[in-house]
Amino acid sequence: MPEGDSVWRAAAQLHAALAGQQLTASDFRVPRFATLKLDGWTVDEVVPRGKHLLMRLRGPAEEQLTIHSHLKMEGAWQVYPPGGRWRKPGFTARCVLRTATADAVGFSLGILEVVRTADEVSVVGHLGPDLLGPDWDIAEAERRLLAAPDVPIGVALLDQRNLAGIGNIYRCEACFLSGIHPAAPVSEVTDLRAIMADAKQLLEANLGPGRRTTVLNARGAPVGRMAGRPGYWVYGREHQPCLKCGTPIRRGVLAKGTHTGTGTEERDIYFCPKCQPPPGTNA
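I will try to describe carefully the structure that is included in this document. None of these values were measured; they are calculated from a predicted model.

Rules behind the numbers
Residues numbered from 1 in each chain as written. Predicted model: local features only at pLDDT ≥ 70, side-chain atom pairs only at ≥ 80, totals over all residues. Heavy atoms only, no water. Helix = DSSP H or I, 4+ residues; strand = E, 2+ residues; numbered from the N terminus. Buried < 20%, exposed > 50% of the residue type's maximum accessible area, 1.4 Å probe, protein only. Contact = heavy atoms within 4.5 Å. Axes fitted to C-alpha atoms, helices over the stretch in contact; angles between N-to-C directions. Parallel < 35°, antiparallel > 145°, perpendicular 65-115°, else oblique. Left-handed = near helix turned anticlockwise from the far one by under 90°. Nonpolar A, V, L, I, M, F, W, Y, C, P; charged D, E, K, R; others polar. Phe/Tyr/Trp six-rings, centres within 6.5 Å; stacked < 30°, edge-to-face > 60°. Pairing = 2+ DSSP bridges. Lys, Arg positive; Asp, Glu negative; His and termini not counted. Salt bridge = Lys/Arg side-chain N within 4 Å of Asp/Glu carboxyl O. Core = buried A, V, L, I, M, F, W, Y, C linked by side-chain atoms within 4.5 Å.

Assigned secondary structure in the protein consists of 6 helices and 10 strands. Dimensions of the protein, computed from the C-alpha atoms along their principal axes, are close to 65 × 45 × 35 Å. For the protein, with 283 residues in total, the buried portion stands at 51%. Across the protein, contacts joining residues at least 24 apart in sequence account for 57% of those joining residues at least 6 apart.

Put into structure tokens, the structure is as follows:
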């Protein structure tokens, strides 16, 4: 699953390339929309909503449609100069949009559909407050988390119905910064707002260029991009020493993490057994 910062950057790139431009050609390579042609439509804006991308278009008669996409595990949007050679296999392209100045291609998109802009609620209305969006409301996100106190915090943070934008990397890192094991139930977390504030700070710190890192200094500036420094506190660092206490990082599995409200899956978790004692153990 993509992290919210990845989707935010993709939306910014697409908006910069397409906003205000008229489509000269469109090609939807999915059966449901294969005959849809949006030639002559103008791209008004491209905005992220959690892990979803919304591309809003206006037709010649002022009709309004939204191209809704979700990257899922392997999806990507890429922008090329007109006629530029694609960096991914052509058979993985699901949507091709052309303007006089750029080609935008969506590869291996997990979700691709077109809805009336007035009906966007049908595709993203289930999402909770967006950590990177203008609708961010920490009190509402906290209320949603507390509505299911027995759910593991690591599951609750990935449930996009509670709050939108956190993926597996940021849930592991935010839990570590709060000293909370991902399997601990929501009811045992004494400061839910601190976890969410950490996740928001980490997401915002990674909106610019450069490799993603969650290791920030006291001023919130990334230091994990420095040569020889780990990029993450715990994520992907199984058996490596904790950056705070030196204890080897462990990897586990946390089941039934709902991401979109339509399904569940198991995901790896990374944690320091000393800084984040598992539920039922003494610190």
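Having seen the structure, we can now continue with the description.
This part covers the packing of helix α3 (residues 138-146) against helix α6 (residues 192-205). Interhelical geometry of α3 versus α6 gives an angle of 120° and a closest axis separation of 10 Å. In terms of their interaxial angle, α3 and α6 are classed as oblique. The handedness of the crossing between α3 and α6 comes out as right-handed. For the pair α3 and α6, the contacting residues are Ile 138, Ala 139, Ala 141, Glu 142, Leu 145 and Leu 146 in the first and Leu 192, Arg 193 and Met 196 in the second. Residue classes in the contact of α3 with α6 are distributed as 7 nonpolar, no polar and 2 charged.

Under the definition given, this model contains 4 aromatic pairs. Residues Trp 86 and Phe 107 carry aromatic rings whose centres are separated by 5.7 Å and whose planes lie at 85° to one another, so their mutual orientation is edge-to-face. Of this pair, Trp 86 sits in the loop between β5 (76-80) and β6 (93-98) while Phe 107 sits in strand β7 (residues 103-107), and the two are 21 residues apart along the sequence. Using a relative accessible area of 0% as the deciding quantity, one classes Phe 107 as buried. Ring centres 5.6 Å apart and planes at 90° place the aromatic pair Tyr 232 and Tyr 235 in the edge-to-face group. Taking relative accessible area as the criterion, Tyr 232 reaches 17% and is therefore assigned buried. Clustering of aromatic rings is evident, with ring pairs tying together Tyr 232, Tyr 235 and Tyr 270.

Here we take up the sheet that holds β6. Read across the open sheet, the 4 strands follow the order β1-β6-β7-β5; overall the sheet is antiparallel. Both outer strands of the open sheet, β1 (25-28) and β5, are each paired with one neighbouring strand and no more. Going from strand to strand, the sheet's axes swing by 15° on average, the running direction of each strand aside. The pairing of β6 with β7 spans 5 bridges and is antiparallel. Each residue of the ladder has a partner; that of Cys 95, found in β7, is Gly 106.

Another aspect to go through is the pairing of β1. The alternating pattern of β1 places Ser 26 and Phe 28 on a buried face and Ala 25 and Asp 27 on a face that is not buried. Bridge count between β1 and β6: 4 bridges; the pairing is antiparallel. Bridging from a neighbouring strand, Asp 27 pairs with Val 96 of β6.

When you line up the elements, Asp 198 lands in helix α6. Here Asp 198 occupies a buried position and makes no salt bridge, while the nearest side chain of opposite charge, Lys 244, is found at 8.0 Å.

A few words now on the nonpolar core. Soluble globular proteins: nonpolar side chains tend toward being buried together. The biggest cluster of nonpolar side chains holds 29 residues, and the ones touching the most others in it are Leu 14, Phe 28, Met 55, Ile 67, Trp 77 and Leu 97. Put simply, the parts of the chain that give this core at least two residues each are α1 (4-18), β2 (42-49), β3 (52-58), β4 (64-70), β5, β6 and β8 (111-116). By residue number, the principal contributor to this core is α1, which donates 6 residues. Not counting residues within four places of it along the chain, the set of residues in contact with Leu 97 comprises Leu 23, Ala 25, Ser 26, Phe 28, Met 55, Ile 67, Trp 77, Ala 102, Asp 103 and Ala 104. With 26 residues, the next largest nonpolar core counts Ile 153, Tyr 170, Cys 175 and Ala 184 among its residues.

As a packed pair, helix α5 (residues 168-177) and α6 sit with axes 9 Å apart at the nearest point and diverge in direction by 125°. The angle between the axes of α5 and α6 places the two elements in the oblique class. Between α5 and α6 lies a crossing of right-handed hand. Residues Tyr 170, Glu 173, Ala 174 and Leu 177 of α5 touch α6, and the partners they reach there are Ile 195, Asp 198, Ala 199, Leu 202 and Leu 203. Of the residues contributing to the contact of α5 with α6, the split by class is 7 nonpolar, no polar and 2 charged.

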